[in-house]
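Listed below, chain by chain, are the residues.
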Amino acid sequence: MTTRKPSAHSAATPGYEAVAHQHHTGWARMGRTGLAEKGQSQAGGESGSGQLLDQQNGAGESALVSVYVHLDFSDKTWPHEVSRTLTLPAASASSSPRPLLTGLRLTTGEYMSCFEAQGFKWNLHEVVRVPLKATDVARLPDQLSISCATSPGFQLSCCIPSTNLAYTVTWSPGEGSKASSFNKSGSQCFVMAVQHCPMTDTVYTCDLQSPGLAPLRVPISITIIQDGDITCPEDTSVLTWNVTKAGHVAQAPCPESKRGIVRRFCAADGVWGPVHSSCTDARLLALFIRAKLLQAGQGSPAEEVPQILAQLPGQAAEASSPSDLLTLLSTMKYLAKAVAKARIQLDRSALKNLLIATDKVLDMDTRSLWTLAQARKPWAGSTLLLAVETLACSLCPQDHPFTFSLPNVLLQSQLFGPTFPADYSISFPTRPPLQAQIPRHSLAPLVRNGTEISITSLVLRKLDHLLPSNYGQGLGDSLYATPGLVLVISIMAGDQAFSQGEVIMDFGNTDGSPHCVFWDHSLFQGRGGWSKEGCQAQAASGSPTARCLCQHLTAFSVLMSPHTVPEEPALALLTQVGLGASILALLVCLGVYRLVWRVVVRNKVSYFRHATLLNMVLCLLAADTCFLGAPFLPPGPRSPLCLAATFLCHFLYLATFFWMLAQALVLAHQLLFVFHQLPKHRVLPLMVLLGYLCPLGLAGVTLGLYLPQGQYLREGECWLDGKGGALYTFVGPVLAIVGVNGLVLAMAMLKLLRPSLSEGPPAEKRQALLGVIKALLILTPIFGLTWGLGLATLLEEVSVVPHYIFTILNTLQGVFILLFGCLMDKKVQEALRKRFCRAQAPSSTISLSTNEGYILEHSKGGSDTARKTDASE
């Protein structure tokens, strides 16, 4: 591409040269195949950067060219008259006057860019040839399973968008086939009719070639159905689905007015799965492409945005598939970006069209459209909210005041001068009723130098139910109820938006425990979530109205939770104190074992029991220490310390429970197989495998599975996220282990109660009951059964009692292990007494620290004397 000095208009200003640089500007007008006006200079040709663009965009069928002209002054500074149009630094000495084009989204053809500046005007021409890429080729089908017995032949096709480039197609293998082509609604299709079915699975290739460009090869896989293969039968209920081999996907074309493909999976058992359609209305798709080009910088947003908005209500009314809905939302998103980037303003007509389209989108069937669309893009509701937020506050000042009401959309926009008499207040006749107020002292700093401000209040019904259930820091993982509406308040001063300001809102007829929240689009990797930062609730006692005070402006709502986790400082303090006491108790337990270990592990039964208990103490000590220090670390997935603390807490707590399971399984074996002794050299490696490798594998898989998806860490905390499923990899194994340990405990209780309570004398019955109570006190904390109370915190409604009980029992688990699992052990007591008091140990060698000796003796059917002797100890 070359440039020439302007001829007619540059005579009065010598020394000007037109130089194109890589940049995006809103005033450059791009058009297809334009001719220069009379008297204007032209710069054109097919050399230089045209060839460069072909090479850089070898993988794309289209790109965007954005150009600006830099007028270089050799001896002057930049004129003030031009700087208002071209915001550029002071010019320097001119270098090589070669224009460069940046390719993003430009279709093949001749382009003209028209420039005007300080009395002269000229055009730049460029012929661009952009090759196709594989995603531009529509294959129907892209894979096919066929039975040669019923279908001796079949047809394959590959279609490309209509382009000025001449493409020819070669099929391979092509023996015994006939090739043809035809044009349809903006596409050119190449068809191959295979006359004879191949004997084995074959991959056909559609080779697209254009002179001077690299060839494009697109494969189509053909699978032959053999005798005995499981297949899905032919189905012509809605669309025609041919016989398809199990494990393959059948494909069907979309209707004439739509673009895309319909797929249906044939399951391994020969049963058809659900139909998945990517069909999108062709007119809606054209609007989407226009909006995307505007956002990228091609075209004039001031002219084209109102044109596209005028067509959105009709397209919203005709949307009939999840693909239509998602394309419509994406179109609105790109329009909002284009408006914000170009800082243009909309008139009443354009804004009405937007609100009408929004009302129709909110009124779409949830089950057939929104649910399926959210399955593909869970943040679809957040996309709609951000687009409407941005566009609704772009009304021209001369069109104020403006009021608009529809069943799902209510908008009121007002313009205020430099002086306004009182607070801004507004009310909406919604259900629940809604009132909002902005104090005058909050608006006063915005009015400077006579600037007018506009305040736009927008209510969107049903939208809160369409937003993903993402809750930020302090809101927990519960599912909240919402009032069915979202309030959006925005303030514009000139073309500048303000997000800071005090706003008071009253939501009427709210039940439950209210949380004042706003939708923060920056949470959860930009997908958005509810946050209560800067907002607080003031619920009046005995009144159904919830008052919210927020220190910023955005999209507000309230969350009501009948299962609210109490946010009491006493509960947090109790957690810290309990964990601290547990850590001290576990350290004491380790010290005791250091003193008495050789004495208490003289037989296999005692060795297995104390070995599992020692490993349990080590894991719980490390887990409590890590959990206690985690709140002091910087939260977030970018914090290595937070990630490490979360992983360690997950692994160590799981390891604690798996060692509890190991102890329960050893006890169960002794109860069921009384006369069978466990070999130490076999059991100990299995216990290590169960106690450490299993939880390490679970923790590692959880990290690798959920961290790349952004669902590993809870928002604002160093712990597992409960919404994406990471938390259930901890809760699930814990509850399963608690259930197994509970069964073992029940088995032990039955061994203790039978036959003593039915056949023995009253003294023996009392001893048996004392043994049961002692076993419950010892085995409950060691088996982790108190963690089962966590279910009560989910089922209980507003009461804080279950939360306090759960916190006390589980944070003090280390204390209970020290008291009941270590110090109540007869052998430990004797060893400590012998070490510190130099007293002789009793002659009995039977330990009832966990009633295991008593239970085992009972299981063996020992004499009454032996049982009484054991019980008396």
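Residues numbered from 1 in each chain as written. Predicted model: local features only at pLDDT ≥ 70, side-chain atom pairs only at ≥ 80, totals over all residues. Heavy atoms only, no water.

**Here's the deal with the overall build of the protein chain**
Phase 1: Looking only at helices and strands, the protein chain features 24 helices and 35 strands.
Phase 2: Look at the contacts in the protein chain between residues 6 or more apart in sequence, and 71% of them connect residues 24 or more apart.
Phase 3: As displayed, the protein chain has an accessible area near 41,100 Å², and 57% of this comes from carbon and sulfur atoms. (Helix = DSSP H or I, 4+ residues; strand = E, 2+ residues; numbered from the N terminus. Contact = heavy atoms within 4.5 Å. Areas by Shrake-Rupley, 256 points an atom, 1.4 Å probe, with all protein chains shown as cover.)

**Focus: the sheet that holds strand β18 (residues 249–253)**
Phase 1: Taken together, the 3 strands give an open sheet; going across it, the order is β18-β20-β21, and neighbouring strands pair in antiparallel fashion. In the strand order of this sheet, the two ends are held by β18 and β21 (272–277), each with one partner. This sheet shows a mean twist of 20° between the axes of neighbouring strands, independent of strand direction.
Phase 2: In the sheet, β18 pairs with strand β20 (residues 261–266) via 5 bridges, with the strands oriented antiparallel. Within β20, the residue paired with Q251 across the bridge is R263. (Pairing = 2+ DSSP bridges. Axes fitted to C-alpha atoms, helices over the stretch in contact; angles between N-to-C directions.)

**Notes on the side chain of H248**
Phase 1: Inspection of the secondary structure assignment puts H248 in the loop between β17 (244–245) and β18.
Phase 2: Relative accessible area serves as the criterion here: at 19%, H248 is assigned to the buried category.
Phase 3: Looking at H248, its side chain comes within polar contact range of the side chain of T223, at 3.3 Å.
Phase 4: A distance of 3.5 Å separates a polar side-chain atom of H248 from the backbone oxygen of A246.
Phase 5: Leave out the neighbours within four places in its chain, and H248 touches Q143, S145, T223, R264, F265 and C266. (Buried < 20%, exposed > 50% of the residue type's maximum accessible area, 1.4 Å probe, protein only. Polar contact = N/O pair within 3.5 Å; in protein donor to acceptor, adjacent residues only side chain to side chain.)

**Observations concerning the sheet that holds strand β15 (residues 216–224)**
Phase 1: The strand order across the open sheet built from 4 strands is β9-β15-β14-β11, with neighbouring strands paired in mixed fashion. Either end of the sheet is taken by a strand with one partner, and the two such strands are β9 (143–146) and β11 (168–172). When the angles between neighbouring strand axes are averaged without regard to direction, this sheet yields 20°.
Phase 2: Summarising the sheet, β11 and strand β14 (residues 202–209) pair through 5 bridges and their orientation is antiparallel. Bridge pairing in β14 places T168 opposite Q209.

**What about the environment of S330?**
Phase 1: If you trace the backbone, S330 turns up in helix α5 (residues 322–342).
Phase 2: For S330, a relative accessible area of 12% gives the class buried.
Phase 3: Expressed as a C-alpha distance, the spacing of S330 and L384, which sit 54 residues apart in the sequence, is 8.3 Å.
Phase 4: Sequence-distant contacts of S330, defined by excluding residues within four places in its chain, comprise F288 and K377.

**Observations concerning the UniProt feature "transmembrane region" (unreviewed entry) in the protein chain**
Phase 1: In the numbering adopted here, UniProt assigns the feature "transmembrane region" (unreviewed entry) to residues 570–593, 613–633, 653–674, 686–707, 727–750, 771–792 and 804–824.
Phase 2: Structurally, residues 570–593 comprises 100% helix and 0% strand, and the distance from its first C-alpha atom to its last is 34 Å.
Phase 3: With 81% helix and 0% strand, residues 613–633 has end C-alpha atoms that lie 30 Å from one another. (UniProt positions renumbered as here; feature names shortened; annotations may be inferred.)

**Points about helix α6 (residues 348–362)**
Phase 1: Its 15 residues give α6 an end-to-end C-alpha distance of 21 Å, which sits within 8% of 21 Å, the value for a rise of 1.5 Å per residue.
Phase 2: Those residues of α6 lying buried are A350, L351, N353, L354, L355, A357, T358, D359, V361 and L362. (Expected span 1.5 Å × (residues − 1).)

**Some remarks on the pattern of salt bridges**
Phase 1: In total, this model carries 10 salt bridges according to the counting rule given.
Phase 2: With its nearest N and O atoms 3.6 Å apart, the salt bridge here joins R217 to D207. Remark: D207 occurs in strand β14 and R217 occurs in strand β15; sequence separation between them is 10 residues.
Phase 3: Assessed through its relative accessible area of 54%, R217 is described here as exposed. (Salt bridge = Lys/Arg side-chain N within 4 Å of Asp/Glu carboxyl O.)

**Description of the state of the cysteines**
Phase 1: Tallied over the entire structure, the rule returns 8 disulfides.
Phase 2: Here C254 is linked by a disulfide to C279, with a sulfur-sulfur distance of 1.9 Å. Between C254 and C279, the disulfide has an S-S torsion of -90° and is therefore left-handed. Taken together, the residues C254 in the loop between β18 and β19 (258–259) and C279 in the loop between β21 and β22 (280–281) connect sequence positions 25 residues apart. Of the two residues, C254 and C279, neither departs from the other in class, the shared state being buried.
Phase 3: Residue pairing for C642: its cysteine sulfur links by disulfide to C718, the two sulfurs lying 2.2 Å apart. As the torsion about the S-S bond is roughly -130°, the C642-C718 disulfide counts as left-handed. Residue C642 is found in helix α14 (residues 640–672), and its partner C718 is found in the loop between α15 (680–706) and α16 (728–753); the two are separated by 76 residues along the sequence. (Disulfide = S-S within 2.5 Å.)

**Topic: the nonpolar core**
Phase 1: In this structure, F730 and F783 are the most contacted members of the largest nonpolar core, which totals 73 residues.
Phase 2: Those elements giving two or more residues to this core turn out to be α12 (569–600), α13 (604–629), α14, α15, α16, α21 (813–823) and α22 (826–837).
Phase 3: Each residue touching F730, except ones within four places of it in the same chain, is listed here: H650, Y653, L654, W719, L720 and W787.
Phase 4: Among the nonpolar cores identified, the runner-up in size contains 61 residues, and V305, A380, V486 and A555 belong to it. (Core = buried A, V, L, I, M, F, W, Y, C linked by side-chain atoms within 4.5 Å.)

**Considerations on unusual backbone geometry**
Phase 1: Cis peptide bonds are those with omega within 30 degrees of zero, and the linkage from S172 to P173 qualifies with -10°.
Phase 2: Position of P173 relative to the elements: it lies in the loop between β11 and β12 (177–184).
Phase 3: Look at the link from H400 to P401: it is a cis peptide, with omega at -10°.
Phase 4: Residue placement: P401 occurs in the loop between α8 (380–392) and β23 (402–405).
Phase 5: Even without being glycine, K462 reaches a positive phi, approximately 70°.
Phase 6: Along the chain, the position of K462 falls in the loop between β27 (453–461) and α10 (463–466).
Phase 7: According to the relative accessible area criterion, K462 is partly exposed, its value standing at 35%.

**Let's talk about the packing of α13 against α21**
Phase 1: Contact geometry for α13 and α21: axes closest at 11 Å, N-to-C directions at 155°. As far as their axial angle goes, α21 and α13 are roughly antiparallel. The interaxial crossing formed by α13 with α21 has left-handed handedness. For the pair α13 and α21, contact is made by R609, L613, M616, V617 and L620 and by Q813, G814, I817 and G821, respectively.
Phase 2: Looking at the contact of α13 with α21, its residues break down into 5 nonpolar, 3 polar and 1 charged. (Parallel < 35°, antiparallel > 145°, perpendicular 65-115°, else oblique. Left-handed = near helix turned anticlockwise from the far one by under 90°. Nonpolar A, V, L, I, M, F, W, Y, C, P; charged D, E, K, R; others polar.)

**Some details on the environment of L325**
Phase 1: The residue L325 is located in helix α5 in this model.
Phase 2: Residue class for L325 comes out buried when judged on its relative accessible area of 0%.
Phase 3: For L325 and V361, which are 36 residues apart along the polypeptide, the C-alpha to C-alpha distance reads 7.8 Å.
Phase 4: Other than its neighbours up to four places away in sequence, L325 contacts V361, M364, L369, W370 and A373.

**Quick look at the packing of aromatic side chains**
Phase 1: Scanning all chains against the criterion turns up 15 aromatic pairs.
Phase 2: Here the aromatic rings of Y593 and W597 are separated by 5.7 Å at their centres, their planes lie at 75°, and the arrangement is edge-to-face. In this pair, Y593 and W597 both sit in helix α12, 4 residues apart, roughly one turn of the helix.
Phase 3: By relative accessible area, Y593 is classed as buried at 3%.
Phase 4: The exposure class assigned to W597 is partly exposed, which follows from its relative accessible area of 24%.
Phase 5: Plain terms: the ring middles of W719 and F730 are 5.5 Å apart, the flat faces sit at 80° to each other, and that makes the pair edge-to-face. Linking W719 in the loop between α15 and α16 with F730 in helix α16, this pair joins segments that are 11 residues apart in sequence.
Phase 6: Overall, W719 belongs to the buried group, its relative accessible area being 12%.
Phase 7: For F730, a relative accessible area of 7% corresponds to the buried category.
Phase 8: Among the aromatic residues, ring-to-ring pairing joins Y593, W597, Y607 and F608 into one connected group. (Phe/Tyr/Trp six-rings, centres within 6.5 Å; stacked < 30°, edge-to-face > 60°.)

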